[in-house]
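Structure assessment
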Amino acid sequence: MNQTTLTLLIDAGKIAVILGCTMGAVAYTTFAERRFAAFMQNRIGPNRAGPWGLLQPLADGFKFMFKEDFVPEFADRFLYRLAPIVAFVPALLLVGVLPFGPDLVIGSQVIPLQIADPNFGVLYFLAIASFGVYGVIMAGWGSNNKYSIAGGLRASAMMISYEVSMGLAVVGLIMMAGTVHMSTIVGQQDGFFGWFIWKQPLGFLIFVVTTFAETHRVPFDLPEAEQELVGGYNTEYGSMQLGLFQMGEYAHLITASALMVALYLGGWQFPGLNLLENSPILYALAGLTVMAVKVFFIIFVFIWVRWTIPRFRYDQLMRLGWKVLLPLALLNILVTALVILI
Amino acid sequence: METALFFIMAAIAITAGGMVILNKNPVKSAFSLIVVMLALAILYMQLSATFLSMIQIMVYAGAVMVLFLFVLFILNVGVEGAFSSRMYKRAVAGLVGALMGVVLIAAVLMRGSRMQQLPGMDVAGDFGHIKPVGELLFTKYLLPFELLSILLLVAIIGAMLTTRPKWPKLKLPPELWPGTADEASTETGEEN
């Protein structure tokens, strides 16, 4: 087997493993959400399927699969069918540029634990992440239902307002790092105080808030505010199509958390990890574990916030986006530029 | 492989572009336009303009089109509202379109021989990456870049001016008209 074939095989294997892990993580994030929610509300939560309820995601999946696949009479059939796919695919595409660990060295073969490391890594993430909203808009329009369309409208307005701040918050980090290569950005965050969260605290804060908005999580879940809009954009959806929407949201949540870890919280780096550097396989495994633990912690914070803070009102949302976050993001860029200049 | 990708993307872009203008429903036209922009982004990527490609997706496909759809939703433009049935308007639009098409095709035909030299051109290794593009923007093309931003600012202010409701007409009694403000204030002062 020559080198090209080997590289191709390794790449295909990496894609399969990472996609599989992401899907598994999606399933168990839904489970974690339900269990943590129950814990915070002094309930027990799903604990019947399998030991500690661990088979619950499987049961949910089967239930989605065996429900009737239904298209409402007045819906636009094409857009209605397309919307869940458009909501789900970009969320999965995002894992393509995330660095999960240090290079894995087996013999003479160096395997970077990242599917691709293009010279526009962070930009790719911002660009593709902005695409998930089209699924919501398409669902809103295609369902031909006033609640759905209100949800779609809110999603588009929120997207425009918060994406600007998110991009500008990351600009400060890019200026500090001097690159948009994901692996280089992670590599620069050596040692606990090398993490970019200490150099870009304001940028991190803005990034966290806008990520909540981008993933439509409470307190920014206005597109599907069930108390006002029935179910928002997915009112008319059922069976696996609804399942795809939810999987898309959780996949986006996971990839956004991983991006947050990679950009601001040191990625797979952790103080003391360098001690393992002379046994590459152990080093890579430890890096992967650190990354997974950090991502899980961020997801836990997302769940924690969801069951703690009530939803914003629409006008509060707009005011926060345009009058607070945007000026703060610009200020962050200015201050960062001044610090670099001095 | 690359040539095949070019033709696939070009075909997608042209088909979706046709759907933009042929669709009776403006929302579906907007969705088709998103497909056009995605195909264009991949074509830019092939030209090793990676930064431009990402910005194309982020700004045009990501933000501008969301705004388009938002406005379409709010205005609720129906199938009838978006298309004028006046014959003369259609005739004028068709004429302008045909003229522009002729100019484009003529340009391609006349420059065709020169274009064929392009694939042989050498580009720097980091051509189209963020750094060289940024350096060019802030050195060689600084003035046009800043002028463009002023143009955008003017457009924003213009849009706000044209959509703003007129200032409410003053319906004040004559003694409160501007110019007699001093007397008015003294009067209210006495009342208090």
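Worth saying up front: this structure is predicted, and the values here are computed from it rather than measured. (Residues numbered from 1 in each chain as written. Chains lettered and ligands numbered in written order. Predicted model: local features only at pLDDT ≥ 70, side-chain atom pairs only at ≥ 80, totals over all residues.)

Attention shifts here to the overall build of chain B. On a plain count of helices and strands, chain B comes out with eight helices and zero strands. Listing every helix and strand of chain B by position from the N terminus yields α-α-α-α-α-α-α-α. Looking at chain B residue by residue over its 192 residues, the buried ones come to 14%. Of the contacts made within chain B by residues no fewer than 6 positions apart, 53% connect residues no fewer than 24 positions apart. (Helix = DSSP H or I, 4+ residues; strand = E, 2+ residues; numbered from the N terminus. Buried ≥ 20, exposed ≤ 12 C-beta atoms within 10 Å, placed from the backbone. Contact = placed C-beta atoms within 7 Å.)

In this section: the interface of chain A and chain B. In this assembly, 21 residues from chain A lie in contact with 16 residues from chain B. Among the secondary structure elements, those contributing two or more residues to the side of chain A that touches chain B are α4 (121–129), α5 (132–142) and α6 (146–177) of chain A. In terms of residue count, the dominant contributor to the side of chain A that touches chain B is α6(A) (eight residues).

A word on the pairing of strand β1 (residues 101–106) of chain A. Residue and element names in this part refer to chain A. Here β1 runs beside strand β2 (residues 109–113); their pairing, made up of four bridges, is antiparallel. Across the sheet, residue Gly 101 finds its bridge partner in β2, namely Leu 113. With antiparallel pairing between neighbouring strands as the criterion, β1 and β2 make up a hairpin whose turn holds two residues, including Gly 107 at a positive phi of roughly 65 degrees. (Pairing = 2+ DSSP bridges.)

Residue and element names in this part refer to chain B. Spanning 21 residues, helix α2 (residues 26–46) covers 31 Å between terminal C-alpha atoms, matching the ideal 30 Å at 1.5 Å per step. When α2 is considered as a whole, its buried residues turn out to be Pro 26, Val 27, Ala 30, Phe 31, Leu 33, Ile 34, Val 36, Ala 39, Leu 40, Ala 41 and Met 45. Positive backbone phi, at 60 degrees, marks Ser 48, one or two positions downstream of α2. (Expected span 1.5 Å × (residues − 1).)

The subject of this paragraph is the packing of helix α1 (residues 3–40) of chain A against helix α11 (residues 239–264) of chain A. All names here are of chain A. At a minimum axis distance of 9 Å, the contact between α1 and α11 shows a crossing angle of 105 degrees. Taken together, the axes of α1 and α11 lie roughly perpendicular to each other. Across the interface between the two elements, Thr 22, Ala 25, Val 26, Thr 29 and Thr 30 from α1 touch Met 247, Tyr 250, Ala 251, Leu 253 and Ile 254 from α11. Each residue belonging to the contact of α1 with α11 can be placed in one class, and the counts come to seven nonpolar, three polar and no charged. (Axes fitted to C-alpha atoms, helices over the stretch in contact; angles between N-to-C directions. Parallel < 35°, antiparallel > 145°, perpendicular 65-115°, else oblique. Nonpolar A, V, L, I, M, F, W, Y, C, P; charged D, E, K, R; others polar.)

Formed by 116 residues in total, the largest nonpolar core has its most connected members in A:Leu123, A:Phe125, A:Met158, A:Ile254, A:Met260, A:Ala262 and B:Met54. Among all residues touching A:Ala262, those that are not within four sequence positions of it are A:Leu98, A:Pro99, A:Met182, A:Ile185, A:Val186 and A:Gly267. (Core = buried A, V, L, I, M, F, W, Y, C linked by C-beta atoms within 7 Å.)

Tracing the backbone through its elements, the reader meets B:Leu33 in helix α2. Apart from the residues lying within four places of it in its own chain, the contact partners of B:Leu33 are B:Val20 and B:Met65.

Residue and element names in this part refer to chain B. Examined at the domain level, chain B breaks down into domain 1 (1–83), domain 2 (84–115) and domain 3 (125–165). With five residues of domain 1 at the interface, the matching set in domain 3 holds five residues. The residue inventory of the side of domain 1 that touches domain 3, partitioned by class, reads three nonpolar, two polar and no charged. (Domains from an automatic or database assignment.)

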